[in-house]
Amino acid sequence: MNHCFAGTWLPGLMLTVICSRAWSADPLPGPANPTPSSPLSFSQVRLQGELGTRYVATTGNLLTRTDRYSLESFAASAAGKPGALWWDWPGDQIGRWLSVLHVAEGYGWTPAAWPRPALAEVILPHQTREGNFGPPGSAPSDDARIPSGNAFALRGLMDAYADTRDPRYLDAARKLARYLEAIAPKWETRREGKLHEFYGHCLDGLMALAEQGGDSGAQKLAERLARHAGRTSHVHHSLSLCRGLLDLARVTGQREYLDKVEDYLAWCREHQIVTGGLPENLPKWNQDEGCALGDWIVVNLMMYQLTGAERYLDDAEHTLVNHFFMNQFHTGGFGHRSFSEAIVGGKDWQGWKGQFGSENPGCCSLWGQWALGQVGRFLATSVADTVRINLYPSAEITFPGRGLRLEITSDFPRLTKARIRVQCETPQSLSLALRIPPWCRSMKLKCDGQEVEPPNAARRVRVSRTWNASTLIDIQFVTELRVVPWPSKEPKGMAVFDGPLCLGLSSEAADVDLPWAVLVDADGRLVLDREGRPQVVEPSGRIVKTLEPISARWLTPDVKNPARKRVLFQSPKVQ
Ligand SMILES: [Zn+2]
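Residues numbered from 1 in each chain as written. Predicted model: local features only at pLDDT ≥ 70, side-chain atom pairs only at ≥ 80, totals over all residues. Heavy atoms only, no water.

*Asks:* How should I be thinking about empty space enclosed by the protein in this particular structure?
*Replies:* Left-over empty space is what a probe sized like a water molecule reveals as it rolls over the atoms. All chains considered together, the criterion is met by two cavities of 30 Å³ or more. In this structure, the largest cavity encloses a volume near 100 Å³. Class assignment for the residues of the lining of the largest cavity results in five nonpolar, three polar and six charged. Looking at the second largest cavity, its volume works out to about 30 Å³. Lining the second largest cavity are Gly504, Leu505, Ser506, Glu548, Pro549, Ile550 and Lys565. Looking at the lining of the second largest cavity, the elements that each hand over two or more residues are strand S15 (501-506) and strand S19 (548-549). In terms of residue count, the dominant contributor to the lining of the second largest cavity is S15 (three residues). (1 Å grid on protein atoms, 1.4 Å probe; cavity = no way out; pocket = protein on both sides within 12 Å on 5 of 7 lines; lining within 4 Å. Points joined across faces, edges and corners; volume = space filled by probe spheres on them. Nonpolar A, V, L, I, M, F, W, Y, C, P; charged D, E, K, R; others polar. Helix = DSSP H or I, 4+ residues; strand = E, 2+ residues; numbered from the N terminus.)

Right, dumping it as structure tokens:
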């Protein structure tokens, strides 16, 4: 069977195509961005503060659990036999794990790489003659879990190859790609004429094979499959598929791939709730999924990178600091929480007889780590003579080619202020383009203690000067407590926001099923108490003032029975 595909994969021919970035037209939907920069590499970034703590917690939750993720479990995942958490998605755990190691090692945790050779020894012998992990002879199978798990395996093998340059990973990835090509006719139009998202999220692995392995056949297959990509229901797999479309857009310069991703994001936005959360399946589902939220953030960050359009950053930040942070448990892992427009966060699906509560360590805890790690790569971007600061969590960022180092210290995620130390090895002129978040009324700026009034574009403050050894920039984000009618077109209620953070009423403090109202004045503005707190009112008239950010309590050990949070309130205007 394999010889049918001999000659399809021709390594070494891709370099010139890959290196050309001739954008055929202005990317959608933002302004022209003819020179998209690459995301930072992990080694350029050191995460600190809240984001750093969450990242370390989610990474520790995986790499210290050698009992849960044992070598035996990886062998079971490779064979598609009981013994791994999602063993019936063959190759899934392997692929995600190798991608997790890629992130962990990239950030400088060198011991993370130590178990990788032993892992290769136990998984690679299970790859079948047809090229897949799982049962031999499964190419004709209608079980969509088999190609889905294998698609994650392909991506992970290429991440392992990027880390090690060990040809065994590349060889295994090539065999796997041949399997995916062999089964393509079964899946490429299987979702009502559209590419099946369970299979279609192999695109990013195929593109990694094209870019790193020089396999032109892999890119040809990706281009062929991408033609059928469309609005498919499972959000995680569909957004993972979108990442592959964005790789295609970046490599080919073709706008059609961006259009497809924008169309999928638009569909997501139609069903998104005020917290930035998405259902596990579109158009409706009763729970969220950590994997889908992580992919939503990364796809939006990638879209920003390629188009320069600020709305993608806005959407990524909004979901990151609200719904995604809420989805993280005290274990560090991610999973599923109940999902509706007005009340989120409670107990829903709990697999494996509730052993892990609402955490899903079979996929979401792995993909959540991957996504949190990816966020660091988009904190800042460097294009020509401009460095853009996109997000403001505490972090150190270095640009070795420029002899430039940025140290951000902030109270992220609430973000009332941030301090950026700009250090240059030698004096240099460049512009810092500081993002003005949409939730912020204005930004005040000081350079080395002196107030400055730089040119203030709609969405960026640009500070252009010759930078000497060390400069301190102090930023104050001027914000206020406010209500946000939701949905914006035909509001059913009002959410309360403090800066970027969505506030909620917890089931630990009140009966959230009652139709709570929020006190607003005739102009629709919040009526605050003497301490400046918003006030929500029970139908009985009882006033409660204990709203807090929905993401605030992630260290509470309630993974077995997580609190529900009301996020939409009635108001005199909408009652
Ligand atoms: Zn998941």
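*Asks:* Sorry, what's going on with the environment of Trp554 here?
*Replies:* Along the chain, Trp554 turns up in the loop between S19 and strand S20 (565-566). With 44 residues separating them along the chain, Trp554 and Ala510 place their C-alpha atoms 19 Å apart. In this view, Trp554 contacts Glu50, Thr53, Arg54, Ala57, Phe325, Gln328, Phe329 and His330; residues no more than four positions away in its chain are not counted. (Contact = heavy atoms within 4.5 Å.)

*Asks:* Help me understand the packing of helix H12 (residues 255-270) against helix H13 (residues 290-307), please; the structure alone is not making it clear to me.
*Replies:* Between two packed helices, what matters for the description is the angle formed by their axes and the separation of those axes. Packing of H12 against H13 brings their axes to within 12 Å, and their N-to-C directions diverge by 135 degrees. As judged from the angle between their axes, H12 and H13 are oblique. Considering the relative orientation of H12 and H13, their crossing is left-handed. Facing Leu258, Val261, Glu262, Leu265, Cys268 and Arg269 of H12, the residues of H13 in contact are Trp296, Val299, Asn300, Met303, Leu306 and Thr307. Residue composition of the contact of H12 with H13, by class: eight nonpolar, two polar and two charged. (Axes fitted to C-alpha atoms, helices over the stretch in contact; angles between N-to-C directions. Parallel < 35°, antiparallel > 145°, perpendicular 65-115°, else oblique. Left-handed = near helix turned anticlockwise from the far one by under 90°.)

*Asks:* Please clarify how the coordination of the zinc ion should be interpreted in this entry.
*Replies:* Ideal coordination angles are 109.5 degrees for a metal with four donors arranged tetrahedrally and 90 or 180 degrees for a metal with six donors arranged octahedrally. The protein atoms that coordinate the zinc ion are Glu289 (OE), Cys291 (SG), Cys363 (SG) and Cys364 (SG), at distances of 2.2 to 2.4 Å. Coordination at the zinc ion is tetrahedral: its four donor atoms span angles of 103 to 119 degrees at the metal. Within one chain, the residues serving as donors to the zinc ion are arranged as E-x1-C-x71-C-C. A residue pair is termed long-range when its members are at least 10 positions apart, and Glu289 in the loop between H12 and H13 and Cys363 in the loop between strand S2 (343-344) and helix H15 (364-375) qualify at 74 residues. (Donors = N, O, S within 2.8 Å, 3.2 Å for Na, K, Ca; no water. Tetrahedral: all angles 85-135°; square planar, octahedral: opposite > 155°, others 65-115°.)

*Asks:* Even after reading the chapter, I still don't get the sheet that holds strand S4 (residues 386-389), so can you show me in this structure?
*Replies:* Strand pairing within a sheet occurs via backbone hydrogen bonds; the two strands may be parallel or antiparallel. Read from one edge of the open sheet, four strands run S3-S4-S8-S11, paired in mixed fashion. On the outer flanks of this sheet lie strand S3 (380-383) and strand S11 (460-467), each paired with one strand and no other. Averaged over all pairs of adjacent strands, the angle between their axes in this sheet comes to 20 degrees, without regard to strand direction. Sheet analysis places S4 next to strand S8 (residues 428-435), joined by four bridges and oriented parallel. Of the residues in S8, the one forming a bridge with Val387 is Leu432. (Pairing = 2+ DSSP bridges.)

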